[in-house]
Amino acid sequence: MDRAALRLILLGVFLLSASSQPVKKKQDVDIYSFYINSTVTSRYATTVITSRVANTVNESQEIQFEVKIPKNAFISKFRMTIEGKIYDGVVKEKQEAQQQYSRAVSRGESAGLIKSVGRTLEDFKTSVTVAAFSKVTFELTYEELLKRRLGKYELLINAQPMQPVADFKIDVHIQEKPGFSFLEVKGDLSTGDLANAIKTTRADKDAWVTFYPTQDQQTKCESCGESGLKGDLLITYDVERSSHKGEVMVSNGYFVHYFAPSDVSRIPKNVVFIIDRSGSMNGRKMHQTRLALLKILSDLDGDDHFGLITFDSEVKTWKNELLKATKENLETAKSFVKEIRDRGATDINAAVLAGVDMIHRHPREETASILILLTDGDPTSGETNKERIMANVREAIGPKFPLYCLGFGYDVNFDFLTKMSLENGGVARRIYEDSDADLQLQGFYDEVAVPLLTDVQLKYTGGTNLTKTSFSLYFNGSEIVVSGQITDNSVESFTSEVIAVSKGNNVTYQETVMVKDTSDVPPENEDFMPRLWAYLTVKQILERQVLLKGQEKEDEKKAALKLSLKYQFVTPLTSMVVTKPQGDEVEVADKPKEGGEEPRPPVPGYSHFSPSQPGQPGLHGQHVLHGLQALPGRPGASSQRYQTSGRRGMPMLLGRPAPPLAHPGIHDYSDLLISGYGRMLTIPRRIADVVLPTMSSIPRVRSNRFLLPSAGQSKPLCFDVPVPQKLRLLQDSASEFSMNGQFMTRRQGFSKIAFHYKTKHLLTINTSSISYQDGQSHVEFLWDQEPTQHNTEGVSIILRSNEMDVTMGHIRVVILLHKKNGGVFLWPAVRQQPKDVSLMGILGKPEASYEEVQGSQTTLKIMDQEVKASMEDVTDYTLPSTPVIRCWLVPFQAVMQGEISDFTVTRL
C-alpha cells in the first residue's frame, strides 16, 4: 500500500469536510490552532496566516497547504516549521528559477499553482510530508495597499474552516494617523450569534477588530453546520479628511501622499455608453445589461449629457448627438434600452470610433468626457486586427478623455481591452457572469459618476523615484496615491504641490511636510513606508509594461525585478523557491493573470476518490476531509499517484506570470500529553530562571482604571477601582459560572484570577502558573512553557504566549500576562458572553450609554442622571498591544449603579 497522503486546504482559514461515507469520530490530523493576523498602517496591509497541524497517527502523512489571497497582494514570506527546523521560501528571478527547475515545468506538473478563485481571490498551494505523531507549522505573509472606492477602504477576510477549530483567531489592527470617520464590520460572519464573537475597539487613530468564535459557535451560525464556519468578514472604513491638501506621511527617507479632496464642486460630464449587442450577448447577459443601463440612466445628473450606441456588425446610435439628461430625454432613452436585442457579429472598431466622434462633435466647456465600452468577445466584423483597432482609437481620442472597457464574461479578450484602456487613460474591468452582473455594472459606473478634478498633476520638491504623478481625472470617493523617496533624506526642504482643473479653473494645493514620529507605528510594521513605495512602484511598472517597447520596457522591467528581489515580493517577474525536507525536494507555483482562466468552481462539501491504477484499492469509504484527506497506506511508500501536485522530486516555484498589462501560536504538545479521551497523563515541569525586579523600580498605584465601551459614542467611559481589592469580575448564576480577581498590592493589574464552573471546575491563574481541577484530575501549566490546549466537558483552555484563552459554557475570557514597568500582572478581557443575559460583576456590563450635556464640557448624562466627568487617558490592557485611549472618567457609582463593596468577595 502507498504511504498515507493527507491534503490540507486553507481558505483564508482551513476547509474541512467529510466524505459521503460514515466519518470516524477520531481524526488522524488535528489543526490545533489557526490565526489570521492583519496589520494595516496607513492603508498598507500586511497579513500573516499561521496554521499549526499535528499528525496524530503512527504513520507519515502528506499535508497540503492551500490559502486564498487577494489578487492585488504580493506574497512576501512563506515558511514551514517541522520539528523545530525552519524551511523558508526564497524569491528568485523567474527565468533563473525556471531554468533551475525545468524538469517540472516541461512536464507541466509544477505543484503549488496560484489560481484564480472567483472575483477577488487567488489560490496558493504547497505540501509536505509529516512524520508520525509530528507537527508542522505553515506561515504565509502577503502585503497589499488598500484602494479607496466609493468613499471607503475594504479589508476582506474569507473564513471557511469546514471544521470547528479549538484555537481559532482573527486579529486586525488598523492604524490611521488622521483618525476614522467610520468603521464597520460586515459579512456573513458578523450575523446572528457570531456577532458576539466580534469585538471592535477604537481609539483616536487606532482600531482593533477581533473574531474569536468558540467551537460551539462555529457550528451554529446561519451558514454553518458540523463542518464549521463558512463566510466572510468584511471590515470597511474611511479616515477623517480635515485637510483638503491631502495627507502626507514621511518615514525612513520615504513619503506617501494620499490626495482625496472633497471641497470642490462636481464637474458635469459627457458620457457615451457603447454596448455590444452581438449574438454572444444573448439571454441573461443582455437582460442584465438592460437592467444596469436603466438604473444608470436614472442616476444621471440634470447637467450631464449622454449618448447611447449599440453595435454588432452594424453601429446604431440612439441619437446622433449628446443630449442633456432631462426627464423627457431619459424616458426616451430608457425606451430605447428596453428594445436592445442581441444579433450579429462584433465591430468594436467602428463602435468606439462612433463614440469618440459623438463627443468631438459636441464639445462643452467646463465638463469631463468619458467613454464606456461594454463587450463580451473579440472583434469579428469590420476591422478585426487588434493592433490597428488600438491605433485607430488612440489617434481618434488623443489625450482628451479616458476610455473604460468592461469585459463581460470569460470569452472576452481581456488583454486587448486592458491595453486599449491604458493607452487612453482608462482602466479595464471584468464583469463576472453571475446573478449580480447588473449590480457590477452599476457599481463601476458609480465609481466614475462624479468627476471632481481633471488634469491632476502632483509635484514634489525634494522628492525622487516617484510613482505615477499625472492623472486625467479624479472622481469623488476615490483617492490618488503617490509615493517616493526624499532626496538625501532632507525632510526640511521637502514640499508637495497639486495642480488640477476644476470646472475650467486651475486649483492648487500646497503642503509643507514635517517629520513624522514613527514611534506610534506597530514594531512589526515599522518598515511599511519603503515597502509601500516598492509595492506601488512595482504594480505601476507592471501595468505600464503593455504600453512600453524596446529599451525603455527592458529598463523598467529590470527596475521592478530589482525591487521584487529586494523586498522578497512574489511578482510576475519572480518566483519563490521552497525547499522541502524530503531529499531537498522543491516546488513551484505560478500566479495566473487576470482573464487567463475561468475560476475553479466551489469545492463541494463531499469528496470522492477512485483507484488510480488497476488492482489498487480505491479510496471510497475512507475518512475524507475536504482540505484534510487522510488516505490509507504504509509509512514510507510513494504517494505520487494520489497527488495532484507537489510530486516528490519535482520542483516548485511560487511565482506569478507576466501580466497583460507573527502571529505567535501553538507550536507543539511537548508539555502536555493527552490520551484518546483528553485525560492528562504527564506534565513535564520546567523551571525558568526568573530575575525579580526591585520594588523601587515598580511604580506604585492607588487604583486600577477600567474601560467600558459606549453605544453610539466615539469615546468610551472609564472608572477607577482602588487597590487592594478582591473583586467579583463576572458571574452568571444560570450557568454556574463566576470569575473573581485579586488586585496586586500597590501595583497595576491583578495578581490572581480564579474561575468557577458547575461546582467541580476550578481554574486558578497567577503570574507564574495556572492550575486546573475538574473534580477528578489536577493539571498545572507554566506561563513560559510551550503553548498547549486542554478541552473537557464544556471547558476549553488554550495557553498561548502571554495569553490564557478560557471558554466555559457560553462565556469566553482571555487572561493576558503583561510585563510593564518592571512588573508582571494579569488582566482579563471578556471576548464573549451570552446575548440578552444580564451578568453580574465589574465586567458584567458589555457597554454603557451616555449623552454629553449641551453647554457643558465636563458633564455627562448617564441613566437619566447628570454626573461630572473629565477627559483622561487610559491604557487598554484587554489588548496585547496596550494602546492608550482617551475616555470619559466618571465615578464608579454612576456607571456601575452600586458601591464598590457590592462587587467585592471575601475569597477567590
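Parameters and conventions
Residues numbered from 1 in each chain as written. Predicted model: local features only at pLDDT ≥ 70, side-chain atom pairs only at ≥ 80, totals over all residues. Heavy atoms only, no water. UniProt positions renumbered as here; feature names shortened; annotations may be inferred. Axes fitted to C-alpha atoms, helices over the stretch in contact; angles between N-to-C directions. Helix = DSSP H or I, 4+ residues; strand = E, 2+ residues; numbered from the N terminus. Parallel < 35°, antiparallel > 145°, perpendicular 65-115°, else oblique. Contact = heavy atoms within 4.5 Å. Nonpolar A, V, L, I, M, F, W, Y, C, P; charged D, E, K, R; others polar. Salt bridge = Lys/Arg side-chain N within 4 Å of Asp/Glu carboxyl O. Buried < 20%, exposed > 50% of the residue type's maximum accessible area, 1.4 Å probe, protein only. pLDDT = per-residue confidence, 0-100. Expected span 1.5 Å × (residues − 1). Arc of directions from axis to C-beta. Pairing = 2+ DSSP bridges. Right-handed = clockwise from strand over helix to strand, strands pointing away. Phe/Tyr/Trp six-rings, centres within 6.5 Å; stacked < 30°, edge-to-face > 60°. Lys NZ or Arg CZ within 6 Å of the ring centre and 35° of its normal. Polar contact = N/O pair within 3.5 Å; in protein donor to acceptor, adjacent residues only side chain to side chain.

As named in an unreviewed UniProt entry, the protein is Inter-alpha-trypsin inhibitor heavy chain H3-like, taken from Phoxinus phoxinus. Reading the Subcellular location (unreviewed entry) entry of the UniProt record for the protein gives the comment "Secreted". A UniProt comment under Sequence similarities (unreviewed entry) is attached to the protein, and it reads "Belongs to the ITIH family."

A. Layout of the packing of helix H3 (residues 284-299) against helix H4 (residues 327-338). In contact at an axis separation of 10 Å, H3 and H4 are set at 175° when each is read in the N-to-C sense. In terms of orientation, H3 and H4 fall into the roughly antiparallel class. On the side of H3, the interface is formed by Arg290, Leu293, Leu294, Leu297 and Ser298, while H4 contributes Leu330, Ala333, Lys334, Val337 and Lys338. Taken together, the residues of the contact of H3 with H4 break down into six nonpolar, one polar and three charged.

B. How the structure looks around the pattern of salt bridges. Across all of its chains, the model carries 37 salt bridges by this definition. Here aspartate 171 ties to lysine 169 by a salt bridge, and the two come within 3.8 Å at their closest N and O atoms. Each member of the pair, aspartate 171 together with lysine 169, is buried. The salt bridge partner of glutamate 447 is arginine 429, with a shortest N-O separation of 3.2 Å. On the criterion of sequence distance, the pair formed by glutamate 447 in helix H8 (residues 437-448) and arginine 429 in strand E25 (residues 428-431) is long-range, its members being 18 residues apart. For glutamate 447, a relative accessible area of 18% puts it in the buried group. Judged by relative accessible area, arginine 429 falls into the partly exposed class, the value being 24%. Put simply, Arg43, Arg148, Glu176, Asp238, Arg241, Glu247 and Glu479 are held in one network by salt bridges that share partners.

C. Fine view of the confidence of the model for the protein. For the protein, the mean per-residue pLDDT works out to 78, and 79% of the residues sit at or above 70. Per-residue pLDDT stays below 50 along residues 1-26; that stretch engages in 137 contacts with residues further than four places along the chain or on separate chains. In this model, residues 103-113 is a region of pLDDT below 50 whose contacts with residues beyond four sequence positions or in other chains number 35 contacts.

D. Geometry of unusual backbone geometry. In this structure, serine 42 is a non-glycine residue whose phi angle is positive, near 50°. Position of serine 42 among the secondary structure elements: in the loop between strand E3 (29-41) and strand E4 (44-55). Judged by its relative accessible area of 2%, serine 42 falls in the buried class. Look at threonine 882: it is not a glycine, yet its phi comes out positive at around 45°. Along the chain, the position of threonine 882 falls in the loop between strand E54 (870-875) and strand E55 (884-889).

E. Up close: helix H10 (residues 550-566). A rise of 1.5 Å per residue sets the reference length of H10, with its 17 residues, at 24 Å; its end C-alpha atoms lie 25 Å apart and thus fit the reference within 8%. All of the buried residues in H10 are Glu556, Ala560, Leu561, Leu563 and Ser564. End-on view of H10: buried residues confined to an arc of 165°, all on one side of the axis. Facing away from the buried surface of H10 by more than 90 degrees, the exposed residues are Gln551, Lys558, Lys562 and Lys566. Looking at the buried side of H10, the elements it contacts are strand E7 (85-93), helix H9 (528-544) and strand E32 (574-579). Looking one or two residues past H10, glutamine 568 carries a phi angle of roughly 55°, positive in sign.

F. Region of the structure containing the environment of alanine 437. With respect to the helices and strands, the residue alanine 437 is situated in helix H8. Taking relative accessible area as the criterion, alanine 437 reaches 0% and is therefore assigned buried. Put simply, alanine 437 and phenylalanine 408 are 29 residues apart on the chain and 8.6 Å apart in space, counted from C-alpha to C-alpha. Residue contacts for alanine 437: discarding those within four places in its chain leaves Gln288, Phe408, Ile431 and Tyr432.

G. Broad picture of the pairing of strand E23 (residues 368-375). Burial analysis of E23 places eight of its eight residues in the buried class, the great majority of the element. A two-sided burial pattern is seen for E23, the buried positions comprising Ala368, Ile370, Ile372 and Leu374 on one face and Ser369, Leu371, Leu373 and Thr375 on the other. For strand E19 (residues 269-276) and E23, the ladder comprises seven bridges, and the chain directions are parallel. By the bridge assignment, isoleucine 274 is partnered in E23 with leucine 373. In the classification by handedness, the crossover that spans E23, the intervening helix H6 (residues 386-397) and the parallel strand E24 (residues 403-408) is right-handed.

H. Representation of the packing of aromatic side chains in the model. Here the structure, examined in full by the defined rule, presents 30 aromatic pairs. Taking the centre distance of 5.7 Å and the plane angle of 10° together, the rings of phenylalanine 706 and phenylalanine 719 count as stacked. Highlighted residues: phenylalanine 706 in strand E38 (residues 703-708) and phenylalanine 719 in strand E39 (residues 717-722), separated in sequence by 13 residues. Here the two residues phenylalanine 706 and phenylalanine 719 agree in accessibility, since each one is buried. Pairwise contacts between aromatic rings join Phe706, Phe719, Phe743, Phe750, Phe825, Trp827, Tyr877, Phe892 and Phe903 into one cluster. Here the guanidinium or amino end of arginine 43 rests over the ring plane of tyrosine 258, the centre of that ring lying 3.9 Å away.

I. Region of interest: H6. With 12 residues, H6 ought to run about 16 Å at 1.5 Å a step, and its terminal C-alpha atoms sit 16 Å apart, in line with that. For H6, the set of buried residues is Ile389, Met390, Val393 and Ile397. Take H6 and look down its axis: the buried residues cluster within an arc of 95°, on one side only. In H6, those exposed residues whose orientation departs by more than 90 degrees from the buried face are Glu387 and Glu395. On its buried side, H6 packs onto helix H5 (348-361), E23, E24 and helix H7 (414-423). Two or three places before glutamate 387, at the start of H6, stands the capping residue asparagine 385, its side-chain oxygen 3.0 Å from that residue's backbone nitrogen.

J. Layout of the environment of valine 239. Mapping valine 239 onto the fold places it in strand E16 (residues 231-239). A residue is classified by how much of its surface remains accessible, and valine 239, at 2% relative accessible area, is buried. Along the backbone, valine 239 and glycine 151 are 88 residues apart, and their C-alpha atoms lie at a distance of 9.4 Å. If near-sequence neighbours (up to four positions away) are discounted, valine 239 is found in contact with Arg43, Tyr153, Glu176, Pro178, Gly179, Phe180 and Ser181.

K. Broad picture of the side chain of threonine 310. Assignment of secondary structure puts threonine 310 in strand E20 (residues 305-311). Since its relative accessible area comes to 2%, threonine 310 is described here as buried. With residues up to four places along the chain from it excluded, the contact list for threonine 310 reads Ile275, Arg277, Val315, Lys316, Phe336 and Ile340.

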